[in-house]
Amino acid sequence: MDLGEVLRIVKKNTSYFFPEEEFVEKYRAFAEGRRGPLRVKFGADPTRPDLHLGHYVSLRKLKDLQDLGFEIIIIIGDFTAMIGDPSGRSKARPRLTPEEVKANAKTYFEQVFRVLDARRTRVEYNSTWLSKLTPQDIIELSARYTVSRMLERDDFHKRMEAQEPIYIHEFLYPLFQAYDSVHLRADMEVGGQDQVFNFALTRDIQKAYGQEPEIILTVPLLIGLDGVKKMSKSENNYIAFNDSPEDMYGKVMSIRDELMEDYYRLVLYYDEDRMAEIRKLIERDPLRAKERLAYEITRIFHGEEGARRGREHFNRVFRKRDLPDDIPVLRTDEPVKLSEALLMGGLVKSRNEFRRLLSQGSIRIDGQKVFEDKLIDRSTVVRVGKRRFLKIELS
RNA sequence: GGGCGGGUACCCAAGCGGCCAACGGGGGCAGACUGUAAAUCUGCUGGGCUUCGCCCUUCGUAGGUUCGAAUCCUACCCCGCCCA
């Protein structure tokens, strides 16, 4: 494969790729057999094993690199998880026990290896080397960077201005992450756009340890379901790998129209020719464009069959306002009040919530709105709002 | 260590003796509309109830003053800023 083609693949959908000359040099050496494959580092956060489409953007990129013959190294940050990445956050995360880390890592890999080839992927836990660092080592490491440079980082800067606390150990996060790269002699690191600071710092640290600095490759952040913030678990605006086909399809349908283009490009990975086509479709027939997007994305994770199921469910439940084919059932042997049934079925959290919904006309029995707490004395289907259902079976 | 400011519901943030379950915004939920769980508009958003009124719990923690406190006092815990 010629260099131009390699660069085209590597640079596709990146927000930041730097420095290109260093990459070219390393790649040439690799292609000419003067060195082994480039070691590409990717950090995983074991506190949140539930992967979502935002992660998919990075993983898809890694897949390309893997297919170019590079060595993909996934770092399970079990040690750094005790600190918590300060990126975009204001609170430290809780510490995890080794057992929790192990369990999380397992679910994590189940998801990652739907995209990457497990046999060709190396996995490392950073506690392996970080827990062996002595206080002297840590002093040595932290002596390579200054406080003011650390404070340049956007997150810290904002927190300073907002007069929010910054704890000293939070400075250690980027330093330890950098040390991972030193330990592995990483040639390249992949991550989201929000990792640019950490990666840049890593380059400096590597140089300070007399190593060649890693090449930085970041992918754009995917905007989440709220249409504003980046997709993340803590914002609860994400589409997870493990969402059911119905949820996945529905969630994609719920993104705002303006986001479709991003999703086509970053998630479906369409190239420029197809994007031109898609832009026209979005313009002409946004609903069809979104249906296609929802179908294609669901298909990645659930196959053709799952995508069809998701679409079918959506059209039935939301467009036609019919009942889904899979409704939770509450069995009872004597008549119950509607409020009791919904409480037991978990459709409402409290009686007060029930009363509110009732007065707003959100509760339907067999399709008919009800406004009082009726006694249910026959088998029936209750719908709360658009999305909550309960079948009550009286025996 | 000293001085000052601050800790309010899921988040941000008003309130500063009774009209406070507590303004406003965000988020969430719901209704209308629609091309969808888009957009837009509207309502609701601690719990319980014998439901248009009542009871319980909540304003960092623990006590106290008062007929009555998120609002005043005391102690303690925590955060920010400045000085050292």
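This write-up is about the structure you can find in this document. Note that the structure is a prediction, hence the values are computed from the model and not measured.

1. Here we look at helix H14 (residues 286-319)
Over its 34 residues, H14 runs only 16 Å from end to end, short of the ideal 50 Å by more than 12%, given 1.5 Å per residue. In the structure, H14 departs most strongly from a straight axis at histidine 302, where the bend amounts to approximately 130°. Immediately downstream of H14, the backbone of arginine 321 shows phi near 60°, a positive value.

2. Concerning the pairing of strand S5 (residues 188-192)
Within S5, five of the five residues are buried, leaving the element largely enclosed by the surrounding structure. Across three bridges, strand S2 (residues 39-44) lies against S5 in parallel orientation. In the strand pairing of S5, phenylalanine 42 is matched with valine 190. The pairing of S5 with strand S6 (residues 215-219) spans five bridges and is classified as parallel. The residue bridging methionine 188 from the neighbouring strand is isoleucine 215, located in S6. Taking the sense of rotation as the criterion, the β-α-β connection linking S5, helix H10 (residues 196-208) and S6 turns out right-handed.

3. Thoughts on the packing of aromatic side chains
A complete count under the given rule lists 18 aromatic pairs for this structure. On the numbers, 5.9 Å between centres and 70° between planes, the contact of phenylalanine 30 with phenylalanine 70 is edge-to-face. Here phenylalanine 30, found in helix H2 (residues 20-31), pairs with phenylalanine 70, found in the loop between helix H3 (53-67) and strand S3 (71-76); they are 40 residues apart in sequence, far enough to count as distant. Both residues of the pair, phenylalanine 30 and phenylalanine 70, belong to the buried class. Each ring, one from tyrosine 179 and one from tyrosine 209, has its centre 6.1 Å from the other, and the planes form 75°; the classification is edge-to-face. With tyrosine 179 in helix H9 (residues 169-184) and tyrosine 209 in the loop between H10 and S6, this pair connects stretches of sequence that are 30 residues apart. Owing to a relative accessible area of 26%, tyrosine 209 belongs among the partly exposed residues under this scheme. Grouping aromatic residues by their ring pairs yields a cluster made of Phe17, Phe23, Tyr27, Phe30 and Phe70. The ring of tyrosine 270 has arginine 274 lying over it, and the distance from NZ or CZ to the ring centre is 3.9 Å.

Calculation rules
Residues numbered from 1 in each chain as written. Chains lettered and ligands numbered in written order. Predicted model: local features only at pLDDT ≥ 70, side-chain atom pairs only at ≥ 80, totals over all residues. Heavy atoms only, no water. Helix = DSSP H or I, 4+ residues; strand = E, 2+ residues; numbered from the N terminus. Expected span 1.5 Å × (residues − 1). Bend = angle between axes of the 7 residues up to and from the residue. Buried < 20%, exposed > 50% of the residue type's maximum accessible area, 1.4 Å probe, protein only. Pairing = 2+ DSSP bridges. Right-handed = clockwise from strand over helix to strand, strands pointing away. Phe/Tyr/Trp six-rings, centres within 6.5 Å; stacked < 30°, edge-to-face > 60°. Lys NZ or Arg CZ within 6 Å of the ring centre and 35° of its normal.

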